[in-house]
Structures are given as C-alpha cells and as structure tokens.
Amino acid sequence: MFSRREGVPHWPLHVLLTGFTVFTLYPILWVISIAFSGKQSLAISTLPAEPTFMDRVRAVTPWPEEWSGANFVDVMTKQPFGQWMFNSAVIALGTTVVGVFLACTAAYAFSRFKFPGQRTGMMAFLVSQMFPGTLMLIPLYIILVQWLGLGSSRFGLMIVYATTSIPFSVWMLKGYFDTIPKDLEEAALIEGASVGKIFWTIILPLAKPAVAVTALFSFMTAWNEFILAATFMDQETMYTAPVGLRFFVGGFSQQWGYFAAGSIIVSVPVVVLFLFLQKYLVSGLTAGSVKG
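Residues numbered from 1 in each chain as written. Predicted model: local features only at pLDDT ≥ 70, side-chain atom pairs only at ≥ 80, totals over all residues. Heavy atoms only, no water.

Draft legend 1. The arrangement of the overall build of the chain in detail. If you tally the helices and strands in the chain, you get 13 helices and zero strands. In sequence order, the chain lays out its α and β elements as α-α-α-α-α-α-α-α-α-α-α-α-α. Here the chain has a C-alpha radius of gyration of 25 Å; the compact-globule value for 292 residues is 19 Å, and the former is much larger. Each principal axis of the C-alpha distribution contributes one length, and for the chain these read about 85 × 70 × 30 Å. Relative to its full complement of 292 residues, the chain shows a buried share of 35%. Looking at the chain as shown, the accessible area adds up to about 17300 Å², and 70% of this sits on carbon and sulfur atoms. Computing the positive centroid from 17 side-chain charges and the negative centroid from 14, the chain places the two 9 Å apart. (Helix = DSSP H or I, 4+ residues; strand = E, 2+ residues; numbered from the N terminus. Rg over C-alpha atoms; globule rule 2.2 N^0.38 Å. Buried < 20%, exposed > 50% of the residue type's maximum accessible area, 1.4 Å probe, protein only. Areas by Shrake-Rupley, 256 points an atom, 1.4 Å probe, with all protein chains shown as cover. Lys, Arg positive; Asp, Glu negative; His and termini not counted. Charge placed at Lys NZ, Arg CZ, Asp CG, Glu CD.)

As structure tokens, this is what we get:
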C-alpha cells in the first residue's frame, strides 16, 4: 500500500482514477442500456408513485429491467439503416484510399524534392487547418452541386472529405518521411532503382506506422462527419449513418432505442479498424536500417 520510494500510500490515487473511469463510462453504459432495453424511452425503469431511495438509485443505474436485442433487429430491418451504413462504408473507404494515396505522394515530394513554392505550399496547408470546416460550406456547395453537379452523390462527398483531410495528412506524413534516412534511397539509386520503385518498395513499407495513422484519421473523418453530409445529401437513400441517426430523435420522433442501437452499430467498424491497425502504430521501424 505504500511506495518504497516516496513513502506515501497509493490508494488515494487509485480511488481518484477509479472515480474518473466510472464518470467516463457512465454515459456509455447508458447508451448500451437503452439500446438493449427494447424500448424507445430514456427511462429504463418505472418509478412507483412514492419512490424510495433504492427506487431512485435503480432509476439512475444503467441496467435495463429486461435485456433485449429488438432495437438492433428493428433498426436494421424496419429502418433503412443498412443502406445508410453501406453509404458510409463506401464513402469512408473511398476517402481513405484517395486521401492516403494523394497525401503520401504529396508528402514524399515535399520531403525529398526542392521546387519553387515548396515552402509556400506547406504553409498553405498549415493555414487551411486554422479555419473551421463549416467556413467552406458555401464555396464547396457551389463547386460541388452547381458547377460539378455532384450533389447527393457518394463520389462528390468522397472528393470533399479527401480534400479536407489531405492538408493534415500531408503535414503528418512529411514529418515521418523526414526521419527516414536518405542513405537508403541513395543506395537504391546506385543499384539502378527508379524514384517510383524506391517510393513503393522502400519508403512506404518503412512508413507503415504513419500511413496507418493517416488511414485511420481519414476513415474516421469520413465515417463520423455529419454537417457536410447533411448539407450535400438531400435524398434519404443517400444518407450516411450519422445523418440517418438524427431522424430517430427529432421534433416528431423520439426513438431513443433505435438511436442508441444505431450509435453502437456505427462505432463497431471504427473499433475493428483500430484493432487491425494498432500493430502498425509503432515507431522506430527504421532503427538499424543504416549502419552507424
């Protein structure tokens, strides 16, 4: 119970951390309870006319009276949530592929080559991150809908998401490419390898951690975004999952069970992707590549 080095008890810190953990998990437990309650109300238990202290404690405890998966079944069968999930998956995957490809090539060019406007271009990327995304709504709407005619289309939303995620991704990838020793590329050039082959076979494998983080960021940006999708998607069949969730809870509908179940379903792909990519989220892959 006492630290040999400091001579102070650890239990106050443990109690504090446990309290913060419970405080953080409490809203999540409520979402899970509402989703599995089988009801559409925020109340998972009914208070009697004259509730006792234990009745009130039971009312604020995130544990449904009966566990049921009806909300999950109904939200996928009685609601067009499956179509919205498919739209989100297509848009998020397309955004990830396009965004990561363009960010990797641009970051490598900024990291390895010298050309006019190099510093200006990087500063432009940095400055673009200082403005809120909603500031671009009007110009993006004019370009995408009025000029290109891509309103309420998956491809149009992919372009928007990839464009907004590239500046941050380029800065992050460039910083990682700068840490990769140039000696590896020089050795490959001496062996007759082209710049393209060096990029695909040497640089990208060594930059897997940065590419994994960039891919996760791009996917999450497209998967969770709401404002742009709600602005450009005006057909119900083209809604993304975040846009569709808002119709479960609105002025004329209070389907909290569907909303909670849909929220859990939406979070699953992000968790799975993170678990899949976490093995790449390790730095230092280039250690020992070049002899000292």
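Draft legend 2. Molecular detail of the environment of Y108. Within the fold, Y108 resides in helix α4 (residues 81–112). Look at Y108 and you get buried, because its relative accessible area is 6%. Along the sequence, Y108 and F199 sit 91 residues apart, while their C-alpha atoms lie 8.1 Å from each other. Not counting residues up to four positions away in its chain, the partners in contact with Y108 are F113, F177, E185, V195, I198, F199 and I203. (Contact = heavy atoms within 4.5 Å.)

Draft legend 3. Structural detail: the packing of aromatic side chains. For the structure shown, the criterion picks out 21 aromatic pairs. Seen in terms of ring centroids, F36 and F72 are 4.8 Å apart; in terms of plane orientation they differ by 45°. Their pairing is tilted. With F36 in helix α1 (residues 11–36) and F72 in helix α3 (residues 70–77), the pair connects residues that are 36 residues apart, well separated along the chain. Note on F36: relative accessible area 28%, which makes it partly exposed. Each ring, one from F110 and one from F125, has its centre 5.9 Å from the other, and the planes form 75°; the classification is edge-to-face. Within this pair, whereas F110 is found in helix α4, its partner F125 is found in helix α5 (residues 118–128), the two being separated by 15 residues in sequence. For F110, a relative accessible area of 11% gives the class buried. Residue F125 is classed as partly exposed on the basis of its relative accessible area, which comes to 22%. Members of the aromatic cluster, connected to one another through ring pairs, are F81, W84, Y239, F247, F248 and Y258. (Phe/Tyr/Trp six-rings, centres within 6.5 Å; stacked < 30°, edge-to-face > 60°.)

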